[in-house]
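Chain by chain, the residues:
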Amino acid sequence: MTYEGARQALAAPRRWQTMEFDFWLAILAAYALLPERSLLLNETAILGLFALSLDLVLGIAGIVSLGHAAFFGLGAYTAGLIGKLGLTEPILGLLIAGLAAGALGFATSFLVLRGSDLTRLMVTLSVSLVMLELANRLTTLTGGADGLQGIVIGAVLGTFEFDMFGRVAAAYSLIILFLLFLLARWLVNAPFGLAVQAIASNPLRSAAIGIPITRRLIAIYSIAAAIAGIAGALLAQTTQFVSLDVLAFHRSAEVMLVLVIGGTGYLYGGLVGAVLFKLLQDQLSDLTPQYWQFWLGLIFVALVVIGRERVFGFPQAVWRRIRGGV
Amino acid sequence: MTYALETRLLQRRFGGLIATSDVSFTLPVGGRYALIGPNGAGKTTLINLLTGVLRPSSGTILLNGVDITARRPDHRVAAGLVRTFQINQLFPKLTPLQSVALATARRMGLDGALRQRLDANQAVVQQSMEVLERFGLMDVMAQPVATLAYGRQRLLEIALAVACGPKVLLLDEPAAGVPEAEREGILTGLAALPRDIAVLMIEHDMDLVFRFAEHILVLAAGAILTQGSPAQISADPKVREVYLGHS
């Protein structure tokens, strides 16, 4: 192979695929064509962003976490609090919430990165439990079990006021999701991202070629924490309410489930998983308001048993054929 | 005279066990040395001491005359002391090109870069290709490493280390597990190592050792039993004793 061949082979992972354009066009179409589903779309975008953040940690860097809600929750409370204190500009709120969550990620990364997978599960879980208990106790700050109320959020860019149908909220969350997805994609395709993927794949060899493993993992963990914090902030801003639920264990578990359904390590897994999860949740809770979780669980167990490739492989093949035929 | 690698009275104890006992040797620049010894002679401990995975109980290690005894493993790599592994330690999902480009980028201090793209860096692409070419891996450079034949993976194991720009290369049983038919490929790969790299090869395969090395160190019970040219070593009764168990 020639120089040009090698250059192109190295550049291949960052080239945009047709499927990627299709995905984002479908999201845009959903927003344009289903205005009555804006609230659901907003929730999906937030869950997708949260799962994208976990994908950076789990799928790209290979760090298992059962406490990712710690960052989501801190971001939500931070955004809520500054909204309550009168700093109502939403984008500034997102940035501050992201910084706060990123700082927590940085501080706890030193605990998380030592030890084995099992230790990491324990430590991440513990950090999120500590955060939950803190939020529960600091009632003057968080409102405790009653939740944080009286959040005021201004218009986005001073122009787009949040409406009761969630049109602005959905557009806002989707745009933030898209921008942060671009950031994640850019990071993963940088030499930094390649090094992080190499560390996840073989830490022993990564160290033997001289990559400073701990430093790289601290960086990716902090960045992912900041993104999770921004996802939490989006929830606080678009619903103008924060409850202890944002830090609950089931949120960490749910985002892990969402990511695993969609597939780890290629950045779209969290987004695809979020779409699937929210659609199923929405449909099933319409059909059986009381037992939807049972059916949701059953479907996911079936998905695991049958295998994701077989479930998604068929529609993907059909789609490729349709695209190929045009 | 400055040696590429030198140890002085290197010792490592595990409790009451002395795994490495007063090991002193010198490896000249560009030297082709082999380290042999029966199982349990302390070869693995010695490698771990050299690469910094283990700290010695006493003694010093010098790389190009500089004391590196207290340095961290990644700093030793940056200083030019690089190893390969007895069991392949590769990146299965990456391609050989990506793996070698990453090691090359690391050597240039670019492995944490955000705004650079490796494909846009002419030096990275050029030098990665040179390494792959040297080990005959050009035809498979864009395939996932996991799909490569074992013998090719073994060569990539060495190529990855060479991409780090070593001054001293520690080869841990480069022919381990390679079937007889693919041995020549490994030997060709070893012959293709740049002459300015000093090599210390740990190997069980005597045929390979005698064809590759110009100087052989024999380790037994943690200490250097003897050393010399291949002819001297093969004629040495002490070596036969250790290997064949004659008393």
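The paragraphs below set out a description of the structure included in this document. Fair warning: this is a prediction, and the values are worked out from it, not measured in the lab.

1. Some words on the overall build of chain A
Counting secondary structure elements, chain A contains 15 helices and zero strands. Taken over the C-alpha trace, chain A has a radius of gyration of 20 Å; the compact-globule value for 326 residues is 20 Å, and the two agree within 12%. Every one of the 326 residues in chain A was classed for burial, and the buried ones make up 51%. Within chain A, contacts between residues at least 6 apart in sequence are counted, and of these 77% link residues at least 24 apart. Charge centroids of chain A, computed over 20 positive and 17 negative side chains, lie 13 Å from each other.

2. Digging into the overall build of chain B
When helices and strands are tallied, chain B shows nine helices and ten strands. For chain B, whose C-alpha radius of gyration is 18 Å, the value lies close to the compact-globule estimate of 18 Å for 247 residues. Referenced to the eigenvectors of the C-alpha coordinate spread, the extents of chain B come out at roughly 60 × 40 × 35 Å. Residues counted as buried form 57% of the 247 residues belonging to chain B. Contacts in chain B between residues far apart in sequence, at least 24 positions, make up 64% of those at least 6 positions apart.

3. With respect to the packing of aromatic side chains
To describe a pair of aromatic rings, one takes the distance between the centres and the angle between the planes. With the rule as written, the count across this model stands at 13 aromatic pairs over all chains. With centroids separated by 5.0 Å and ring planes inclined at 80 degrees, the aromatic side chains of F294 of chain A and W295 of chain A adopt a geometry described as edge-to-face. Aromatic rings pair up to connect F23, W24, F178, F181 and Y268 of chain A into one cluster. When the ring centre of W16 of chain A is taken as reference, the NZ or CZ atom of R185 of chain A above it lies at 4.1 Å. Over the ring of F85 of chain B we find R83 of chain B, and its NZ or CZ is 4.1 Å from the ring centre.

4. Description of the sheet that holds strand β7 (residues 168-172) of chain B
Residue and element names in this part refer to chain B. The strand order β6-β7-β8-β3-β9-β10 describes an open sheet built from six strands, whose pairing is mixed. Of all the strands in the sheet, just β6 (81-83) and β10 (223-228) have a single pairing partner and so form its edges. Strand-to-strand twist of the sheet, defined as the mean angle between neighbouring strand axes without regard to direction, takes the value 20 degrees. Across four bridges, the pairing between strand β3 (residues 32-36) and strand β9 (residues 215-220) is parallel. Its bridge partner being in β9, A34 is matched across the sheet by I216. Contacting β3, β6, β7, β8 (198-202) and β9, helix α1 (residues 43-51) runs over the sheet at an angle of about 140 degrees to β6.

5. A few points about the interface of chain A and chain B
Taken together, the contacts link 32 residues of chain A with 37 residues of chain B. Interface of chain A and chain B: buried area, both sides summed, is about 3200 Å²; carbon and sulfur atoms make up 68% of it. At the surface where chain A touches chain B, the tally comes to four salt bridges. Between D119 of chain B and R14 of chain A there is a salt bridge, with its nearest N and O atoms 2.5 Å apart. Joining chain A to chain B, the criterion identifies nine residue pairs in polar contact (both at pLDDT 80 or more). Mapped by element, the contributors of at least two residues to the side of chain A that touches chain B are α1 (3-11), α8 (167-189), α9 (191-201) and α10 (203-208) of chain A. Taken together, the residues that form the side of chain A that touches chain B break down as 21 nonpolar, seven polar and four charged.

6. Let's talk about the nonpolar core
Counting 155 residues, the largest nonpolar core has L49 and L56 of chain A together with F135, L190 and L193 of chain B as its most contacted members. Top element by residues in this core is helix α11 (residues 213-239) of chain A. It accounts for 15 residues. Excluding anything up to four places from it in sequence, L49 of chain A contacts I176, L177, L180, I227, I230, A231 and L234 of chain A. Core analysis: the next-biggest nonpolar cluster, separate from the first, contains 25 residues, L5, L10, I47 and L219 of chain B among them.

7. Quick notes on the pattern of salt bridges
Summed over the entire model, instances satisfying the criterion amount to 18 salt bridges over all chains. A salt bridge links R185 of chain A to E20 of chain A, with the shortest nitrogen-to-oxygen separation between them at 3.1 Å. Here E20 of chain A lies in helix α2 (residues 18-33) and R185 of chain A lies in helix α8, a separation of 165 residues in the sequence. Assessed through its relative accessible area of 9%, E20 of chain A is described here as buried. Across the pair R211 of chain B and E184 of chain B runs a salt bridge, and its minimum N-O distance is 3.4 Å. Of this pair, R211 of chain B sits in helix α7 (residues 206-212) while E184 of chain B sits in helix α6 (residues 183-191), and the two are 27 residues apart along the sequence. Linked through salt bridges whose partners overlap, the residues forming this network are E4, R7 and R14 of chain A together with D119 of chain B.

8. Overview of the sheet that holds strand β4 (residues 58-63) of chain B
Pairing in this open sheet of four strands is antiparallel, and the strands run β2-β1-β4-β5 (chain B) from one edge to the other. In the strand order of this sheet, the two ends are held by β2 (17-27) and β5 (66-67) of chain B, each with one partner.

9. Quick look at the environment of V305 of chain A
Inspection of the secondary structure assignment puts V305 of chain A in helix α14 (residues 292-306). Along the chain, V305 of chain A and M164 of chain A lie 141 residues apart, while their C-alpha atoms are 41 Å from each other.

10. Section: the packing of helix α5 (residues 90-113) of chain A against helix α6 (residues 117-137) of chain A
All names here are of chain A. Where α5 meets α6, the axes come as close as 9 Å, and the angle between the chain directions of the two elements is 145 degrees. Judged by the twist between their axes, the crossing of α5 over α6 is right-handed. Together, L104, T108, L111, V112 and L113 of α5 and R120, V123, T124, V127 and M131 of α6 make up the contact between the two elements. Grouping the constituent residues of the contact of α5 with α6 by class yields seven nonpolar, two polar and one charged.

11. A look at the pairing of β10 of chain B
The side chains of a regular strand alternate between both faces of the sheet. Residue and element names in this part refer to chain B. Two elements, β9 and β10, share five bridges in a ladder whose sense is antiparallel. Each bridged residue has a counterpart across the sheet, and for V218 the counterpart in β10 is T226. From the end of β9 to the start of β10, which pair antiparallel, there are two residues, and A221 there has a positive phi angle of about 50 degrees.

12. A closer look at a nonpolar patch on the surface
Residues and elements named next belong to chain A. Taken together, W16, F21, L25, L28, I175, F178 and L179 make up a surface patch of nonpolar side chains, about 700 Å² in accessible area. Looking at the nonpolar patch, the elements that each hand over two or more residues are α2 and α8. Mapping F21 onto the fold places it in helix α2. Judged by its relative accessible area of 47%, F21 falls in the partly exposed class.

13. A closer look at unusual backbone geometry
Residue and element names in this part refer to chain A. Even without being a glycine, L157 presents a positive backbone phi close to 55 degrees. Mapped onto the elements, L157 comes out in the loop between α7 (139-142) and α8. Owing to a relative accessible area of 59%, L157 belongs among the exposed residues under this scheme.

Parameters at a glance
- Note that residues are indexed from 1 along each chain, following the sequence as it is written.
- Just so you know, chain letters begin at A and ligand numbers begin at 1, following the order they were written in.
- With the structure being a predicted model, the display of local features is reserved for residues of pLDDT at least 70 and the display and counting of side-chain atom pairs for 80 or more, all residues being used for whole-chain, interface and lining totals.
- Heavy atoms throughout the structure, all of them, feed into the side-chain values; hydrogens and water do not.
- Numbering goes from the N terminus for both helices and strands, where a helix is a DSSP run of H or I of at least four residues and a strand is a run of E of at least two.
- All radius of gyration figures rest on C-alpha atoms, and the globule criterion is 2.2 Å times the number of residues raised to 0.38.
- The cut-offs for exposure are 20% and 50% of the maximum accessible area for each residue type, with area from a 1.4 Å probe on protein chains only; residues under the lower value are buried, those over the upper are exposed, and the others partly exposed.
- In this analysis, two residues are considered to be in contact whenever any of their non-hydrogen atoms come within 4.5 Å of each other.
- For this count, His and the chain ends are skipped, Lys and Arg are scored as positive, and Asp and Glu as negative.
- Note that the charge is assigned to NZ on lysines, CZ on arginines, CG on aspartates and CD on glutamates.
- Here the aromatic set is Phe, Tyr and Trp, taking the six-membered ring for Trp, and pairing holds for ring centres within 6.5 Å; pairs whose planes are under 30 degrees apart are stacked, those over 60 apart are edge-to-face, and all others are tilted.
- Think of it as a cone above the ring: NZ of Lys or CZ of Arg counts as a charge over the ring if it is within 6 Å of the ring centre and within 35 degrees of the ring normal.
- Between any two strands, at least two bridges found by DSSP are needed for them to pair.
- Structural elements are reduced to axes, namely lines fitted to C-alpha atoms, with helices fitted over the stretch in contact, and the angle between N-to-C directions of any two is expressed from 0 to 180 degrees.
- The quantity reported as buried area is the accessible area (1.4 Å probe) lost by two parts once they are put together, taken as the sum for both.
- The salt bridge definition used is simple: a Lys or Arg side-chain nitrogen within 4 Å of an Asp or Glu carboxyl oxygen.
- In protein, a polar contact requires one atom able to donate a hydrogen and another able to accept it; more generally it is a pair of N or O atoms within 3.5 Å, and residues adjacent in sequence count only if both atoms are side-chain atoms.
- When residue character is reported, Ala, Val, Leu, Ile, Met, Phe, Trp, Tyr, Cys and Pro are called nonpolar, Asp, Glu, Lys and Arg charged, and the others, Gly included, polar.
- Remark: nonpolar core denotes a set of buried residues (Ala, Val, Leu, Ile, Met, Phe, Trp, Tyr, Cys) joined through side-chain atoms within 4.5 Å.
- Should the near helix be turned anticlockwise from the far one by less than a right angle, the crossing is termed left-handed; should it be turned clockwise, right-handed.
- Only residues whose relative accessible area exceeds 30% and that form no salt bridge are eligible for patches; like-charged ones are grouped when within 9 Å, while nonpolar side chains (Val, Leu, Ile, Met, Phe, Trp, Tyr) are grouped when within 5 Å.
- With residues, only the protein chains shown are counted as cover, and all accessible areas are computed by Shrake-Rupley using a 1.4 Å probe.

Nothing here speaks to function; it is geometry throughout.
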